[in-house]
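What the coordinates show
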Amino acid sequence: MKLLAALALAFGVAMAPAAHAELYYLIVGGLGGEAKYQEQFDKQVEQLTAVARRTTGAVRVAVLTGEGATRAALEKSLGSLRTKTKPADSLALILVGHGSYDGEAYKLNLPGPDIDDQELLKLLEAVPARSQLIVNTTSASGATLEKWAGNGRTLITATRSGFERNATRFATHWAKALADGSADINKNGVITAQEAFDFASREVEDSFKVAGTLATEHPQIKGDGAARFVVARLASAPAPATPELAALDRQKTDLEEKIEALRLRRTEMPQDAYFNQLQALLVQLADVQGKIDAAQKE
């Protein structure tokens, strides 16, 4: 069972009962305050929106930006997700803009009244989707790290505490990671939250090193779902470079389809039979993926 769990984790295969699941995106572009920041935030929201629509379809993407990104609008959007999502679904909430922290409460800066961390957490907890990814790219976002993570929720923040209050660079690199596929390290046509975080956090660190300045933000991640949470699908996966890779890619796709078909039949099978077949398929998938990785290095 330990081997099965490890393989399932590596390949993002859920061991829970299968259900038709959807990914919902909510992207919030907060108040810029200054023209240069508003322009920056608007561009990031635009990039992230295009990625989200390409990944899960426009009908499952909600965007709040500019004067429309009010507290009431955010409450309404999360309220809508409370009624339309199922436990098997996933939610990605992306917060772009400025945040503030007074030593006790974090607030997301919005046109009109701001919303604080406890209010947002209460709204998130009411959404049935068990798998939740919150990417808080705002200044002072680290103040939410311990409060929001847990219970199936993975949290990514641009800063490590509420006291890193400068405008952040993380959102720019997160958007780039998803928009142009830079974070797709294994070239499989999808980007997980872990891949995007690793890419964006490296870019942030490098940007301060190149500038020769002290880093004013240190991105953080908390939760165990990032490696399985697909945040972006590329328009098309890169074509295999060799006939060998093309054959391996076909084998991988065939195995992934068999795993999905098995998952759909889980409720009709004895538990032992299901797990034995799943483990056998995952072992084969691990072997094929190992060959792909080796061939790509050559």
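Refer to the structure presented above.
Keep in mind that what you see is a predicted model, and the values were worked out from it rather than measured. All residue numbers refer to position in the chain's written sequence, counted from 1. Predicted model: local features are reported for residues with pLDDT of at least 70 only, side-chain atom pairs are reported and counted for 80 or more only, and whole-chain, interface and lining totals are derived from all residues. To obtain the side-chain values, all non-hydrogen atoms of the structure were included, while hydrogens and water were left out.

A look at the sheet that holds strand S7 (residues 131-136)
Here a strand pair is declared whenever DSSP counts at least two bridges between the two strands. Strands are runs of DSSP state E lasting at least 2 residues, helices are runs of H or I lasting at least 4, and numbering of each runs from the N terminus. On the basis of which strands lie adjacent, the open sheet formed by 6 strands has the order S2-S1-S3-S7-S8-S10 and mixed pairing. With partners counted over all chains shown, the strands left at the sheet margins are strand S2 (61-64) and strand S10 (220-222), one partner each. Averaged over all adjacent pairs, the angle separating strand axes in this sheet is 10 degrees, with direction ignored. Pairing of S7 with strand S8 (residues 153-157) involves 5 bridges; the strand directions are parallel. Among the inter-strand pairings, Val135 is bridged to a residue of S8, identified as Ile156. Contacts are assigned to residue pairs with any non-hydrogen atoms lying within 4.5 Å of each other. Note on geometry: axes are lines fitted to C-alpha atoms, helical ones only across the stretch in contact, with angles between N-to-C directions running from 0 to 180 degrees. Its contacts with the sheet place helix H7 (residues 193-211) against S7, S8 and S10, and it is angled at close to 160 degrees to S10.

Describing the packing of aromatic side chains
Centre distance within 6.5 Å is the pairing criterion for rings of Phe, Tyr and Trp, where only the six-membered ring of Trp is used; planes under 30 degrees apart are then read as stacked, over 60 as edge-to-face, and the remainder as tilted. Applying the stated criterion across every chain yields a total of 6 aromatic pairs. Here the aromatic rings of Tyr101 and Phe163 are separated by 5.3 Å at their centres, their planes lie at 80 degrees, and the arrangement is edge-to-face. Separated by 62 residues along the polypeptide, Tyr101 in strand S4 (residues 99-101) and Phe163 in the loop between S8 and helix H6 (170-179) bring together distant segments of the chain. Exposure classes here rest on a 1.4 Å probe applied to the protein chains alone. A residue is buried below 20% of its type maximum, exposed above 50%, and partly exposed in between. Tyr101 gets classed as buried once you look at its relative accessible area, which sits at 18%. The exposed category is assigned to Phe163, whose relative accessible area is 54%. Linked through ring pairs, Phe170, Trp174 and Phe197 together constitute an aromatic cluster. Lysine NZ or arginine CZ positioned within 6 Å of the ring centre and within 35 degrees of the ring normal marks a charge as sitting over the ring. Sitting over the ring of Phe208, Arg169 keeps its end group 3.8 Å from the ring centre.

A short note on the environment of Leu262
Of note, Leu262 is situated in helix H8 (residues 243-264). Judged by relative accessible area, Leu262 falls into the buried class, the value being 1%. Sequence-distant contacts of Leu262, defined by excluding residues within four places in its chain, comprise Met269, Tyr274, Gln277, Leu278 and Leu281.

Some remarks on the packing of H6 against H7
At a closest axis distance of 8 Å, the pairing of H6 and H7 adopts a crossing angle of 135 degrees. The angle between H6 and H7 places the two elements in the oblique class. Here the hand of the crossing between H6 and H7 comes out right-handed. Here Phe170, His173, Trp174, Lys176, Ala177 and Leu178 of H6 lie close against H7, whose contacting residues are Ala193, Ala196, Phe197, Phe199, Ala200, Ser201, Glu203, Val204 and Ser207. When residues are sorted by character, Ala, Val, Leu, Ile, Met, Phe, Trp, Tyr, Cys and Pro go into the nonpolar class, Asp, Glu, Lys and Arg into the charged class, and all the rest, Gly among them, into the polar class. Looking at the contact of H6 with H7 residue by residue, the classes come out as 10 nonpolar, 3 polar and 2 charged. Roughly parallel here means an angle under 35 degrees, roughly antiparallel means over 145, roughly perpendicular means 65 to 115, and every remaining angle is called oblique. Rotating anticlockwise by less than a right angle from the far helix to the near helix defines a left-handed crossing, while the corresponding clockwise rotation defines a right-handed one.

A look at the nonpolar core
We define a nonpolar core as any set of buried Ala, Val, Leu, Ile, Met, Phe, Trp, Tyr and Cys residues linked to one another through side-chain atoms lying within 4.5 Å. Counting residues in hydrophobic clusters, the biggest one holds 35 residues, and the most contacted among them are Tyr25, Phe170, Trp174, Leu178 and Val231. Counting only elements with at least two residues in this core, the list comes to strand S1 (23-29), helix H2 (35-56), strand S3 (90-96), S7, H6, H7 and strand S11 (230-233). It is H7 that contributes the most residues to this core, 7 residues altogether. When neighbours within four sequence positions are excluded, Val231 is seen to be in contact with Tyr25, Val51, Thr55, Leu133, Trp174, Leu178, Ile191, Thr192, Ala193 and Ala196. Val28, Ala69, Tyr101 and Ile115 belong to the second largest nonpolar core, which has 30 residues in total.

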